[in-house]
Amino acid sequence: MSGFAPRPTGPVAALKAYDPGHDLPALRARAAPAALAELGSNENPLGPPPAVLDALHRLPVAEVFRYPDPLGLALRRSLAARLDVDPSMIALGNGSHELLMLLAQCFVAPGDEVVFSEFGFAVFPIGTAAVGATPVRVPALPRAGDAPRGHDLAALAAAVGPGARLVFVANPNNPTGTWFTRDALREFLRTIDPRVPVVVDEAYHEYVDDPAVGSAVELLAAFPNLVVTRTFSKGYGLAGLRVGYAVGDPATIDVLNRLRESFNVNAVALELARIALDDPGHLERVRAFNRDQRARLAAGLAARGLFVHPSMTNFVLVDFDRPAAPIEARWLARGVVVRPMGGYGLPTCLRISVGAVAENDRLLAHLDEALS
Ligand SMILES: *Cc1c(COP(=O)(O)O)cnc(C)c1O
């Protein structure tokens, strides 16, 4: 320790770093040679399509010693064709996390308000705090009977006052797994000042199987203030590569590009993400596997009388109706990693990702012991 006391600038002084839940490399080293059941980070246990790994093995060395395309044009063109938008409507990010931070940096000044829901994604308050803005955290719908803690869109809309400069909503949401329909989103957008950017985070879009949910991308033409973020980390199984994208009005994308670091997405990620897009069959298998295994996990948990929030994602939020930390600790002692939710204000809940079959087996095999 040098005794040096750094003096971060204004908003950064009060900022807390993103909490990844666990130090996974340390946990893995401690468990070795046994493997953990890693159900804490919503990764895709099936990984990317096989063609992605083939391409990785055959990667030309120039992909490593050359700078990547700063415009990421090949990937943006592939995405644009798939989404039926113009490439000028897409910005790429080093994961969508980077884009969420960038959106706050680009559109929000110190003292402005940023509106998001209670139990919204953890990056929303971090992006807000990073720019010295004021969070307007709108209470979620209460858990009542079978009703989960979903977003209260009417209350969110009402909270977008004259001081608001940005709205964040995730659909489906992490950590609740809850969702809203395209029609509900349209109604919501109609009531909001069209000068206020509304960011719809669709990190779990690939897992959505209800056509009524659809995607906010379909509403872009009607609402130029809408920005949709997506990622290759979840359904596409590429969390380690860090690729996300934002889709929005070209004018909004232009603003993001002013602040976006020029080579923010590396060459390997650009190439492999593009290849991942070309295997819709793999995505179908991922979806079907996830649906089966999620139902199995939910049934196993509900059979013990636990409240399992309905989910359209690759995880479930479980409410134990008592402090969840001891339950989490007993699973962890068996090498089963799940995500604590105290930081979200849900200390009686744990978030459990849909893992490989053997990982889900382990979680369920140790369920009674964890509850004891
Ligand atoms: C995982 C996740 C992301 C971020 O994913 P990246 O890996 O940064 O693309 C964004 N939003 C939500 C709601 C998530 O759960």
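Residues numbered from 1 in each chain as written. Predicted model: local features only at pLDDT ≥ 70, side-chain atom pairs only at ≥ 80, totals over all residues. Heavy atoms only, no water.

Things to note about the sheet that holds strand E9 (residues 307-308)
Item 1. Spatially, four strands are ordered E9-E10-E13-E12 in an open sheet, and the strand pairing comes out antiparallel. The outermost strands of the open sheet, each flanked by one partner alone, are E9 and strand E12 (339-340).
Item 2. Here strand E10 (residues 315-319) runs beside strand E13 (residues 349-353); their pairing, made up of five bridges, is antiparallel. Bridge pairing in E13 places Phe-315 opposite Ser-353.
Item 3. Set on the sheet, helix H12 (residues 280-302) makes contact with E9, E10 and E13; between it and E10 the angle comes to about 10°. (Pairing = 2+ DSSP bridges. Helix = DSSP H or I, 4+ residues; strand = E, 2+ residues; numbered from the N terminus. Contact = heavy atoms within 4.5 Å. Axes fitted to C-alpha atoms, helices over the stretch in contact; angles between N-to-C directions.)

Observations regarding the side chain of Asn-264
Item 1. For Asn-264, the location among the structural elements is in the loop between helix H10 (250-259) and helix H11 (267-277).
Item 2. Taking the relative accessible area as the measure of exposure, Asn-264 reaches 7% and is therefore buried.
Item 3. A distance of 3.0 Å separates a polar side-chain atom of Asn-264 from the backbone oxygen of Leu-92.
Item 4. Separated by 3.0 Å, the side chains of Asn-264 and Glu-98 make a polar contact.
Item 5. With residues near it in sequence (within four places) discarded, Asn-264 still touches Leu-92, Gly-93, Asn-94 and Glu-98. (Buried < 20%, exposed > 50% of the residue type's maximum accessible area, 1.4 Å probe, protein only. Polar contact = N/O pair within 3.5 Å; in protein donor to acceptor, adjacent residues only side chain to side chain.)

Concerning the sheet that holds strand E3 (residues 113-117)
Item 1. An order of E2-E8-E7-E6-E5-E3-E4 is seen for the seven strands of this open sheet, with the pairing classed as mixed. Only two strands of the sheet have a single partner each, and these edge strands are strand E2 (90-93) and strand E4 (134-138). The sheet shows a mean angle of 20° between the axes of neighbouring strands, taken without regard to direction.
Item 2. Pairing between strand E5 (residues 164-170) and strand E6 (residues 198-201): four bridges, direction parallel. Bridge pairing links Val-167 to Val-198 in E6.
Item 3. Lying on the sheet, helix H5 (residues 73-83) is in contact with E2, strand E7 (226-231) and strand E8 (244-248); it crosses E2 at an angle near 125°.

Structural notes on the site of the ligand
Item 1. Neighbouring the ligand are the residues Gly-95, Ser-96, His-97, Phe-121, Asn-174, Asp-201, Ala-203, Tyr-204, Thr-231, Ser-233, Lys-234 and Arg-242.
Item 2. In this structure, Tyr-204 approaches the ligand through a side-chain N or O atom, which is 2.7 Å from an oxygen atom.
Item 3. Interatomic distance of 2.5 Å between a side-chain N/O atom of Thr-231 and an oxygen atom of the ligand.
Item 4. Taken by itself the ligand offers 390 Å² of open surface, and the protein chains cover 92% of this.
Item 5. Put simply, the ligand lies in the second largest pocket.
Item 6. For the shell around the ligand, the residue count by class is three nonpolar, six polar and three charged. (Near = heavy atom within 4 Å. Areas by Shrake-Rupley, 256 points an atom, 1.4 Å probe, with all protein chains shown as cover. 1 Å grid on protein atoms, 1.4 Å probe; cavity = no way out; pocket = protein on both sides within 12 Å on 5 of 7 lines; lining within 4 Å. Sits in = over half its atoms within 2 Å of the grid points. Nonpolar A, V, L, I, M, F, W, Y, C, P; charged D, E, K, R; others polar.)

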